Amino acid sequence: MRALQMVDTKTQYEKIKEEVDRAVLAVMNSSSFINGPAVRDFADQLARYLSVKHVIPCANGTDALQIALMALDLQPGDEVITPSFTYIATTEVIALLRLKPVFVEVDPLHFCMDPVALEKAITPNTKAIVPVHLYGQAAPMKEILRIAAKYGIAVVEDNAQAIGCDYFFTEQEKKKTGTLGTIGCTSFYPSKNLGAFGDGGALFTNDDALAASIQMIANHGQSKRYYHDVVGCNSRLDAMQAAILSIKLSRLDQYNLARRQAADFYDSAFAGCSSLLTPHRAAHGTHVFHQYTLRVTNGQRDALADHLTAKKIPNMIYYPVPGHRQKMFASFQTQAIDLPVTDLLTQQVISLPIHTELDQEQLQCIANGVLEFFK
Ligand SMILES: Cc1ncc(COP(=O)(O)O)c(C=O)c1O
């Protein structure tokens, strides 16, 4: 059996090696490493895939979130509502820009922002909402967008974990996550569903003025060469990553299907285990399983993690400390906030290996390792 890993990018690469190697060599021979045709081609291809007007590539997903908030022209102290149960990048950029993170509760089933908690948290100072499509599942965007429209607040979707996910407004009308709000952000970190061989990220929007502003901010605030109109940053996707991402984008649906099939296997293996809650699949969207995350409800999560680790079965806790309890936000006094669902999830969740290359033998071995613990 191949060694178990949380993510197996090596085996995935071996299957597309010839195509990738050829594309990387072509970039090297072109000497067009920054903002060349490979980057433009990838951005166009991704815009078509997402059915969105503008895709602006950048250096990583954290930059994408930062640039999105910069483009909204927020003022220091403006409030940005976001879940506490997310990767730190979502919330870190809010504080970095001297905005105020306002942490709200997530839904215990799908782990994404709870719209009721969102509406309660809105004040006259709320200027943006940042929902996260966590683990590859869409946040309840219809409700979030309705609330945002009611109060005239921008929505920046953190789509780092959910590229390719469909959101269903109705049975007939579906759109890709990341294209539903004012601006969408994603990451091409290697382990992501659409992963580069290094760092990368992108922003999406249907708004022409915002797209121009994002483009400018990502390029030193430059409107034309050496004319800098606003304070920006330097955030670029390089051409080699773009060339690789183009190849992988053409397989993204197939990759997401492979993840879903692995999740189906786990779901049926754990169906009879009363101490485990398998991932809920919300009717409002497809789940692209960036993570396969169980809830261990008998208080034995850490013991299960130790058991799996001893058996060389990789596992991870995403995330052990919620945003509102992180020291970095001490000055916002977020520790006093009461988020019982978030706190409970940080004690119960455990993620198992999920990627495009898991075979039946590996899946069975992982499932057996988990089930053995509960015997
Ligand atoms: C939810 C979420 N937001 C943002 C990011 C940041 O992306 P990057 O690592 O490319 O900066 C990540 C990636 O780890 C993420 O999972």
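Residues numbered from 1 in each chain as written. Predicted model: local features only at pLDDT ≥ 70, side-chain atom pairs only at ≥ 80, totals over all residues.

(A) Unusual backbone geometry, seen in detail. Look at the link from Tyr318 to Tyr319: it is a cis peptide, with omega at 10 degrees. In this structure, Tyr319 sits in the loop between α10 (301-310) and α11 (340-348). Within the chain, Ser51 stands out as a residue other than glycine whose phi angle is a positive 55 degrees. Mapped onto the elements, Ser51 comes out in the loop between α2 (37-50) and β1 (54-58). Unusually for a residue other than glycine, Phe111 sits at a positive phi of about 70 degrees. Locating Phe111 in the fold gives a position in the loop between β3 (100-104) and α5 (115-121). A residue is classified by how many C-beta atoms lie within 10 Å of it, and Phe111, with 27 of them, is buried. (Helix = DSSP H or I, 4+ residues; strand = E, 2+ residues; numbered from the N terminus. Buried ≥ 20, exposed ≤ 12 C-beta atoms within 10 Å, placed from the backbone.)

(B) View of the pairing of strand β9 (residues 201-205). By the criterion of burial, β9 is predominantly enclosed, with five of the five residues buried. Neither face of β9 is left uncovered, since the one carrying Gly201, Leu203 and Thr205 and the one carrying Ala202 and Phe204 both have all their residues buried.

(C) Up close: the site of the ligand. Every one of the 15 residues lining the ligand counts as a neighbour, but Gly61, Thr62, Ala89, Ala160 and Ser187 are closest to it. Mapped onto the shell around the ligand, the elements with two or more residues apiece are α3 (61-71) and α4 (88-96). Looking at the shell around the ligand, its residues break down into five nonpolar, eight polar and two charged. (Near = placed C-beta within 6 Å. Nonpolar A, V, L, I, M, F, W, Y, C, P; charged D, E, K, R; others polar.)

(D) Here's a closer look at the domain arrangement of the protein chain. Partitioning the protein chain into structural domains gives domain 1 (9-104 + 112-249) and domain 2 (252-374). Each of domain 1 and domain 2 has a C-alpha centre, and these two points are 24 Å apart. Contact residues are listed per partner, giving 33 residues for domain 1 and 29 residues for domain 2. Among the elements of the structure, α1 (9-30), α4, β3, β6 (166-168) and α8 (239-249) are those that each provide at least two residues to the side of domain 1 that touches domain 2. Among the elements that line the side of domain 1 that touches domain 2, the one with the most residues is α4, at four residues. (Domains from an automatic or database assignment. Contact = placed C-beta atoms within 7 Å.)

(E) Expanded view of α1. For α1, built from 22 residues, the straight-helix expectation of 32 Å at 1.5 Å per residue is missed by more than 12%, its first-to-last C-alpha distance being only 26 Å. Along α1, the largest kink reaches about 75 degrees and is centred on Ile16. (Expected span 1.5 Å × (residues − 1). Bend = angle between axes of the 7 residues up to and from the residue.)

(F) Expanded view of the environment of Tyr255. Counting through the fold element by element, Tyr255 comes out in helix α9 (residues 252-270). For Tyr255, a count of 21 C-beta atoms within 10 Å corresponds to the buried category. Beyond its immediate sequence surroundings of up to four residues, Tyr255 is in contact with Asn193 and Thr356.

(G) Geometry of the sheet that holds strand β8 (residues 183-187). Pairing within the open sheet is mixed, and its seven strands lie in the order β1-β9-β8-β5-β4-β2-β3. Two strands close off the open sheet at either side, each with one partner strand: β1 and β3. Across the sheet, the mean angle separating the axes of adjacent strands is 25 degrees when strand polarity is ignored. Inspection of the sheet shows strand β2 (residues 79-83) paired to strand β4 (residues 126-129) by three bridges, in the parallel sense. Looking at the pairing, Ile81 lines up with Ile129 of β4. (Pairing = 2+ DSSP bridges. Axes fitted to C-alpha atoms, helices over the stretch in contact; angles between N-to-C directions.)

(H) Highlighting the environment of Val80. Within the fold, Val80 resides in strand β2. In this structure Val80 comes out as buried when scored by C-beta crowding, with 26 C-beta atoms within 10 Å. Taking C-alpha positions, Val80 is 7.1 Å from Ile94, a pair spaced 14 residues apart along the chain. If we ignore the near neighbours within four places in the chain, the residues touching Val80 are Ile94, Leu99, Lys100, Pro101, Val102, Lys127, Ala128 and Val130.

(I) Representation of the sheet that holds strand β14 (residues 349-352) in the model. Spatially, the three strands line up as an open sheet ordered β12-β13-β14, and their pairing is antiparallel. Every interior strand has two partners, whereas the edge strands, β12 (276-277) and β14, have only one. For strand β13 (residues 292-296) and β14, the ladder comprises four bridges, and the chain directions are antiparallel. By the bridge assignment, Arg295 is partnered in β14 with Val349. Sheet strands in contact with α9 are β12, β13 and β14, and its direction is about 20 degrees off that of β13.

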